[in-house]
Amino acid sequence: MPEKYLEAGKIVGTHGVKGEMRVQPWCDTAAFLAKFKKLYLKKDSSECLTVKSRAHGNMCLVKAEGVDSIESAERLRGKVVYIDREDCKLPKGSYFINDIVGCVVLDAETGEEYGAISDVSETGANDVWHIKKGDNEYYIPNVPTFVKKVDIDNKKVFITPLKGTFSDED
């Protein structure tokens, strides 16, 4: 079952003197994070901030109800903020990195298992998936040339790797 609350960023500082906070987004863009009206300080709904946000370069500026001074904003510095998965409307075929980690990677033609996705690196051009099997780690770009199907519900990814990616073959 997918996690209900997802890490979305970290409060890294203040902005101005009226309690606005700078949040470093851990999602695709600051604009995506700025769409949320509620951010959470825990992986449950026990500490919720009702917010107004806006993108500011690669940061998200967040103004939370009840946080009205630089001092009160400063107390939240270093806190991770979470979003509720149910508040997200992802385009069809999109998914969260959190959901892809742990997926088993299979050959799209033969069904051979190559390992499981252990991490994702964001390179700018495309994400690179880290595939771990035993002590070995392999890397594959998340592009349609290689990634044929992503089945989040069944935690499976089907790929067509380049020759030599998982063996010494030329």
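Residues numbered from 1 in each chain as written. Predicted model: local features only at pLDDT ≥ 70, side-chain atom pairs only at ≥ 80, totals over all residues. Heavy atoms only, no water.

Student: Got a minute to help me understand the overall build of the chain in this structure?
Tutor: A tally of regular secondary structure across the chain gives three helices and twelve strands. By its C-alpha atoms, the chain is 60 × 30 × 30 Å across when sized along the principal axes. Expressed as a percentage of the 170 residues in the chain, the buried residues total 38%. Contacts in the chain between residues at least 24 apart in sequence constitute 50% of all its contacts with a sequence separation of at least 6. With the model as given, the accessible surface of the chain reaches about 10200 Å², and the carbon-plus-sulfur share is 49%. (Helix = DSSP H or I, 4+ residues; strand = E, 2+ residues; numbered from the N terminus. Buried < 20%, exposed > 50% of the residue type's maximum accessible area, 1.4 Å probe, protein only. Contact = heavy atoms within 4.5 Å. Areas by Shrake-Rupley, 256 points an atom, 1.4 Å probe, with all protein chains shown as cover.)

Student: When you look at the side chain of D84 in this model, what are you seeing that I'm missing?
Tutor: Inspection of the secondary structure puts D84 in strand β6 (residues 80–84). Polar contacts involving the side chain of D84 include one to the main-chain amide nitrogen of E86, which spans 2.9 Å. Here D84 is in contact with K4, Y5 and Y40, once residues within four sequence places are set aside. (Polar contact = N/O pair within 3.5 Å; in protein donor to acceptor, adjacent residues only side chain to side chain.)

Student: So what exactly am I meant to see when it comes to the sheet that holds strand β7 (residues 104–107) here?
Tutor: Working definition: the strands of a sheet are paired by backbone hydrogen bonds and lie parallel or antiparallel to each other. The mixed open sheet is built from six strands, whose spatial order is β10-β9-β8-β7-β12-β11. Pairing within the sheet leaves two strands with one partner each, and these edge strands are β10 (136–141) and β11 (147–151). Shown here is a sheet whose adjacent strand axes are inclined to one another by a mean of 35°, direction ignored. (Pairing = 2+ DSSP bridges. Axes fitted to C-alpha atoms, helices over the stretch in contact; angles between N-to-C directions.)

Student: Before we go on, may I ask you to explain the state of the cysteines in this structure?
Tutor: Disulfides are covalent bonds that link the sulfur atoms of two cysteine residues. By the definition in use, this model includes zero disulfides. With no disulfide partner, C48 has as its closest neighbouring cysteine sulfur the one in C88, 14 Å distant. (Disulfide = S-S within 2.5 Å.)

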